[in-house]
Amino acid sequence: MTEVLFTNIAQFVTPKAGPQRGAAMRELAVIPDAALLVCDGLIAWVGSAKDAPRAEQTHDLGGVAVTPALIDPHTHAVWAGDRLGDFEARVEGVPYETILVRGGGIRSTMRATRQASLDELVALALPRLQALSASGAATIEIKSGYGLDFEAELRMLEAVRVLQTQTAADLRPTLLLHVPPEENRAGYVQEVCHSLIPRVAEGQLAEAVDVFCETEAFSVPETRAMLEAAHLHGLKLKLHADQFHAIGGTELACELAALSVDHLEASGEAQIRVLAASPTVATVLPGVTLHLGLPAAPARALIDAGACLALGTDLNPGSAPVFSIQLSLALGVRLNRLTPAEALTAATVNAAAALGLTDRGALSVGQRADFLALHSADWRDLAYTLGANPVQTVFIAGQEQYS
Ligand code: NIG
Ligand code: FE
């Protein structure tokens, strides 16, 4: 048994374990002058330094604030090529959806990604994941979705498997059906249901299936068919919905008890009501709001209505070149009107719930000892700082990993 007592914690902060909804998202436990005991990678005790138990080893954290490590529940971190031309066109006024309809955008990343080898995909993704982890992420979801043809989708998921051997952060793979082919989309959806999803489930290549449900991507009936096939094969469900148009994706996600529905920039009162009454997590992605100049998802209204809300980066080349989960948390406060406490809850326990994980996100006894030592003695610097990294060290299962 390895036992380490972490001492000299100026301020210890955590939400309660498990998904938090509505006003409970603001309820953090704050302990000044604290200590934390970790046994075999799990939290064994936490409290005031004066009451700390003895331990074989001690680790002095130097008088800083400690929070749970962050969880990024939504990334597209594996891709090849770039979208710098799209970026310039968008800045000059061409909308994201127009670029996609013209065969650019996601489709251009698909062309580049299909041509990349497994080794190339891994080499391109690794520094992105290192940047995300250094910003505080100990758990990172990664979607496929730039393959289109099945071999390329499977290669993306294989890349995540290889990346897991090269990263300390826990990587959670998701199969994403991103946009349909330009011809024979009905046949493609059938093949996804009867060939791709069963292969992914059998090979345990992904834990969840996600679909981009949007006017310029998959329709609600197509999305339903693929999510029902995923459910049949024991995979969890996620959805990209209401990014540009509220065409019914959020309602479908809640009906099928998806783990999360993500984006929500175009959600209105009907979608807020459905999410407030559902266990499905509402995941907002403030980096997209910033980068595409979209309206912000109605996170304030969702929390006030009682929903369970999470935050993610959406790290991808087209809509969110955001390599920091801490920046997403800080942007959630500015763009989505979360309080710092709500944002911390959204990027920890609620992000864990968006991945179906219950063993992390809070620093309570029995949870994984994934935590951050900040540079500062006040945890609110995590939500306050823009453009520098307030995270000094990321501990994963009690081990110092990124500093
Ligand atoms: O979550 N909107 C759909 N998919 C991604 C963007 C992918 C891309 O533009 O490459 C998103 O925003
Ligand atoms: Fe996304």
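About the criteria used
Residues numbered from 1 in each chain as written. Chains lettered and ligands numbered in written order. Predicted model: local features only at pLDDT ≥ 70, side-chain atom pairs only at ≥ 80, totals over all residues. Heavy atoms only, no water. Helix = DSSP H or I, 4+ residues; strand = E, 2+ residues; numbered from the N terminus. Rg over C-alpha atoms; globule rule 2.2 N^0.38 Å. Buried < 20%, exposed > 50% of the residue type's maximum accessible area, 1.4 Å probe, protein only. Contact = heavy atoms within 4.5 Å. Areas by Shrake-Rupley, 256 points an atom, 1.4 Å probe, with all protein chains shown as cover. 1 Å grid on protein atoms, 1.4 Å probe; cavity = no way out; pocket = protein on both sides within 12 Å on 5 of 7 lines; lining within 4 Å. Points joined across faces, edges and corners; volume = space filled by probe spheres on them. Nonpolar A, V, L, I, M, F, W, Y, C, P; charged D, E, K, R; others polar. Expected span 1.5 Å × (residues − 1). Bend = angle between axes of the 7 residues up to and from the residue. Arc of directions from axis to C-beta. Pairing = 2+ DSSP bridges. Axes fitted to C-alpha atoms, helices over the stretch in contact; angles between N-to-C directions.

## So, the overall build of the protein chain
The secondary structure content of the protein chain amounts to 15 helices and 15 strands. By the compact-globule yardstick of 22 Å for 403 residues, the protein chain fits well, its C-alpha radius of gyration being 21 Å. Overall, the C-alpha framework of the protein chain stretches about 70 × 45 × 45 Å when taken along its three principal axes. Relative to its 403 residues, the protein chain shows a buried fraction of 60%. Across the protein chain, the fraction of contacts at a sequence separation of at least 24, relative to all contacts at a separation of at least 6, is 73%. Surface exposure of the protein chain reaches about 14,700 Å², of which carbon and sulfur atoms provide 53%.

## What to know about the layout of surface pockets
What the largest pocket holds in volume is close to 210 Å³. Taken together, Trp79, Gly81, Asp82, Arg83, Leu84, Phe87, His291, Pro317, Pro321 and Phe323 make up the lining of the largest pocket. Of the residues that constitute the lining of the largest pocket, the class distribution is 6 nonpolar, 2 polar and 2 charged. In terms of lining residues, the second largest pocket is bounded by 15 residues, among which Val4, Phe6, Gln57, Gly398 and Gln399 are the most central. For the lining of the second largest pocket, the element with the highest residue contribution is strand β4 (residues 57-68), accounting for 3 residues. Grouping the amino acids of the lining of the second largest pocket by side-chain chemistry returns 6 nonpolar, 7 polar and 2 charged.

## Quick notes on the environment of proline 32
With respect to the helices and strands, proline 32 occurs in strand β2 (residues 28-39). Note on proline 32: relative accessible area 56%, which makes it exposed. Sequence separation between proline 32 and glutamine 164 is 132 residues, and the spatial gap between their C-alpha atoms is 36 Å. For proline 32, the contacting residues outside a window of four places in its chain are Ile9, Ala10 and Gln11.

## Structural notes on helix α4 (residues 118-134)
Compared with an ideal rise of 1.5 Å per residue, which puts 17 residues at 24 Å, α4 spans 24 Å between its outermost C-alpha atoms and is within 8% of the ideal. Along α4, the sharpest kink reaches roughly 25 degrees, centred on alanine 125 and followed within four residues by the proline proline 127. Looking one or two places after α4, you find glycine 136, whose phi comes out positive at around 120 degrees.

## What to know about helix α7 (residues 220-232)
Since one α-helical turn is 3.6 residues long, residues separated by three or four positions face the same way. Relative to the 18 Å expected for 13 residues at 1.5 Å per residue, α7 spans 18 Å between its end C-alpha atoms, a close match to the ideal helical length. Along α7, the residues classified as buried are Glu222, Thr223, Met226, Leu227, Ala229 and Ala230. Viewed along the axis of α7, the buried residues span an arc of 155 degrees, placing them on a single side of the element. Every exposed residue of α7 that faces more than 90 degrees away from the buried side is listed here: Pro221, His231 and Leu232.

## What about the sheet that holds strand β14 (residues 391-396)?
Taken in spatial order, the 7 strands of this open sheet run β3-β2-β1-β4-β13-β14-β15, and their pairing is mixed. Looking along the sheet, the strands with just one partner apiece sit at the ends: β3 (42-48) and β15 (399-402). Recorded for the sheet is a direction-independent mean angle of 40 degrees between the axes of neighbouring strands.

## Here we look at the sheet that holds strand β12 (residues 309-311)
Pairing within the open sheet is parallel, and its 8 strands lie in the order β5-β6-β7-β8-β9-β10-β11-β12. On the outer flanks of this sheet lie β5 (70-72) and β12, each paired with one strand and no other. The mean inter-strand angle of the sheet, taken between neighbouring strand axes irrespective of direction, is 25 degrees. Two elements, strand β10 (residues 260-263) and strand β11 (residues 281-284), share 3 bridges in a ladder whose sense is parallel. Within β11, the residue paired with aspartate 262 across the bridge is threonine 283. Each of β5, β6 (137-143) and β7 (170-177) touches α4; the most contacted strand, β6, lies at about 140 degrees to it.

## Considering empty space enclosed by the protein
The final tally for this structure, using the stated rule, is 4 cavities of 30 Å³ or more. For the largest cavity, the calculated volume is near 100 Å³. Lining of the largest cavity is provided by 14 residues; of these, Tyr96, Ile106, His178, Asn316 and Ser319 occupy positions nearest its centre. The class makeup of the residues in the lining of the largest cavity is 4 nonpolar, 8 polar and 2 charged.

## Considerations on the pairing of strand β13 (residues 371-374)
Here β13 shows a buried face lined by Phe371 and Ala373 and a second buried face lined by Leu372 and Leu374. Sheet topology note: the β4/β13 ladder contains 3 bridges and is antiparallel. By the bridge assignment, threonine 67 is partnered in β13 with leucine 372. Pairing geometry for β13 and β14, over 4 bridges, is antiparallel. Note on β14: the bridge partner recorded for leucine 374 is valine 391.

Any functional reading would require information beyond the geometric quantities listed.
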